[in-house]
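The residues making up each chain are set out below.
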Amino acid sequence: MHTVIPDYNMKMQNTFRMNVSCKGWIEYTDASDLPGIIATLGDTDFIHIGQGSNMLFLGNYNGSVLHSRILTLETSPGENATTLVRAGAGISMDSLIEHTCGAGLWGLENLSGIPGEVGASAVQNVGAYGVEAKDAIVSVDCYDTFERRFVTLSNSDCKFGYRDSLFKSAEFKGRYIVTHVTYRLSASGCPVLDYGHLNDCFDNVSTLTPSLVRNRILEIRSKKLPDVEKVGSAGSFFKNPVVDAETHADFVQRVKTVLGSDATAPAFKVGECYKLSAAWLIDRAGLKGYQIGNVATWHTQPLVIVNATGKASPEEVLQLENLIIERVRDTFGITLHPEVEHID
Ligand code: EPU
């Protein structure tokens, strides 16, 4: 079944709470609705969104916006005593994780508290605390809007990377609509506690349960990140920059010049490259808790741009985005790139 609402205000459909509208808002409850919906749309513009938690609408959208309300959840036994969980794309990721943790299944607990829906977990390869969705995803069921048929993509077909996948690539963007994601979870999996000092939070790791880790992650997140129910934001606004060894060496010197000869910056080796901390760069560029007009960087995690007053416009967000990029580049010689998708 599907519903179509013309001239729809999407303020509550994007977590940044931008006051924008679309020509048509289309929600559907079953994958079998998609062939008819796509055929009816013909050549008119459309996008598909989840909870709208990783996007910035730059103005009213002059086309249709599709949203999945596929909420089915099926479990079946997998290889080596694992459990396969096939979830509808419209399920909120956090309610899925609450459910799997409650069932004693390991694999998704570190992703607790991330806003967004199951479909977007695959598109965006969401990640937190040393785990990415791709670590648990077995396959992704989609509707191919080009060939007008249903397909199942394996984990390797999805070409997952850091906050990246085939679904975001220039070649395939907009082509596949995710209908279901299948995750492989395990009752005997081991917790991933090596990010930051997560390990220090627990006295006895052998008695841990997925729900205990989930609760700890939710506690950490609530101290650092704004609650999207209360303050509009799209989570991390920028990606952590990955730079080559030469750029990293220049950066290390620049940090000493700017902050003093003892100063060091966090950097994590990724293959031959280094992943830098965008939060650290913004913080040390003096922009933590920085506000212009209705927008600001969050006071405990400056990687997050917030709609501080609830009245921010897309232009104000863009203004702060550009100011941050310029200030970080001028201070440290590093260029930040937004993680949040801009939609015009
Ligand atoms: N830091 C500062 N100042 C601050 C906050 C952080 O200097 O005010 C530095 C610290 O050095 C800290 C480092 O930044 O150790 C990393 O901070 P954090 O652990 O919060 O992680 P992050 O790299 O900033 C990433 C994800 C988050 C995810 C966290 C935890 C990206 C773009 N962001 O942030 O994801 O929750 O790790 O795993 O990769 C999101 O994608 O929306 C998101 C919130």
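To start, this report covers the structure provided alongside it. Predicted, not measured: the structure shown is a model, and the values here were computed from it. (Residues numbered from 1 in each chain as written. Predicted model: local features only at pLDDT ≥ 70, side-chain atom pairs only at ≥ 80, totals over all residues. Heavy atoms only, no water.)

Right, let's talk about the layout of surface pockets for a bit. As a volume, the second largest pocket reaches approximately 210 Å³. Around the second largest pocket sit 13 residues that line it, and Trp106, Gly107, Asp135, Arg184 and Cys190 are the ones nearest its centre. No other element matches strand E12 (residues 176-186), which puts three residues into the lining of the second largest pocket. Its residues assigned to classes, the lining of the second largest pocket comprises six nonpolar, four polar and three charged. (1 Å grid on protein atoms, 1.4 Å probe; cavity = no way out; pocket = protein on both sides within 12 Å on 5 of 7 lines; lining within 4 Å. Points joined across faces, edges and corners; volume = space filled by probe spheres on them. Helix = DSSP H or I, 4+ residues; strand = E, 2+ residues; numbered from the N terminus. Nonpolar A, V, L, I, M, F, W, Y, C, P; charged D, E, K, R; others polar.)

Across its 15 residues, helix H4 (residues 210-224) extends 21 Å between first and last C-alpha, which sits within 8% of the 21 Å expected from 1.5 Å per residue. When H4 is considered as a whole, its buried residues turn out to be Pro210, Val213, Arg214, Ile217, Ile220 and Arg221. Along the long axis of H4, the arc covered by the buried residues comes to 130 degrees, so they all point the same way. Along H4, the residues that are exposed and aim more than 90 degrees away from the buried face are Ser222 and Lys223. Structurally, H4 contributes buried residues whose contacts are with helix H2 (93-102) and strand E8 (127-128). (Expected span 1.5 Å × (residues − 1). Buried < 20%, exposed > 50% of the residue type's maximum accessible area, 1.4 Å probe, protein only. Arc of directions from axis to C-beta. Contact = heavy atoms within 4.5 Å.)

Next up on the list: the packing of H2 against H4. Here H2 crosses H4 at 145 degrees, and the two axes come no closer than 8 Å. The two elements H2 and H4 cross, and the hand of that crossing is left-handed. Contacts between H2 and H4 involve Asp94, Ile97, Glu98, Cys101 and Gly102 from the former and Pro210, Ser211, Arg214 and Leu218 from the latter. Considering only residue class, the contact of H2 with H4 consists of four nonpolar, two polar and three charged. (Axes fitted to C-alpha atoms, helices over the stretch in contact; angles between N-to-C directions. Left-handed = near helix turned anticlockwise from the far one by under 90°.)

Across the sheet, which stays open at both edges, the three strands sit in the order E14-E16-E15 with antiparallel pairing between neighbours. The two strands at the open ends of the sheet, each matched to only one other strand, are strand E14 (242-243) and strand E15 (267-270). Looking at chain direction, E14 and strand E16 (residues 273-276) are connected through two bridges and run antiparallel. Paired with Val243 across the strands is Tyr274, a residue of E16. The strands touched by helix H5 (residues 245-259) within the sheet are E14, E15 and E16, with E16 carrying the most contacts at an inclination of about 50 degrees. (Pairing = 2+ DSSP bridges.)

Our focus in this paragraph is the environment of Leu318. By the secondary structure assignment, Leu318 is in helix H7 (residues 314-332). In the structure, Leu318 is positioned 262 residues away from Leu56 in sequence and 9.3 Å away in space, judged by C-alpha atoms. The contact partners of Leu318, leaving out residues within four places of it in the chain, are Leu56, Leu58 and His342.

What follows deals with the environment of Val123. When you line up the elements, Val123 lands in helix H3 (residues 118-123). Residue Val123 is classed as partly exposed on the basis of its relative accessible area, which comes to 26%. Residues Val123 and Ser165, spaced 42 residues apart in sequence, show a C-alpha to C-alpha distance of 5.9 Å.

A few words on the pairing of strand E3 (residues 46-49). Here E3 shows a buried face lined by Ile47 and Ile49 and an unburied face lined by Phe46 and His48. Taken together, the four bridges between E3 and strand E5 (residues 61-68) define a ladder with parallel strand orientation. Within E5, the residue paired with Ile49 across the bridge is His67.

Here we take up the site of the ligand. Residues in contact with the ligand amount to 24 residues; listed here are only the nearest, Tyr129, Tyr162, Tyr195, Ser236 and Asp283. Between the ligand and Asp283, the relevant distance is 2.8 Å, taken from a nitrogen atom to a side-chain nitrogen or oxygen of the residue. In the environment of the ligand, an oxygen atom lies 3.5 Å from a nitrogen or oxygen atom belonging to the side chain of Glu339. Coverage of the ligand by the protein chains reaches 81% of its 830 Å² of free accessible surface. Among the secondary structure elements, those contributing two or more residues to the shell around the ligand are E8, H4, strand E13 (232-236) and helix H6 (278-284). The element that contributes the greatest number of residues to the shell around the ligand is H6, accounting for four residues. Split by residue class, the shell around the ligand holds ten nonpolar, seven polar and seven charged. (Near = heavy atom within 4 Å. Polar contact = N/O pair within 3.5 Å; in protein donor to acceptor, adjacent residues only side chain to side chain. Areas by Shrake-Rupley, 256 points an atom, 1.4 Å probe, with all protein chains shown as cover.)

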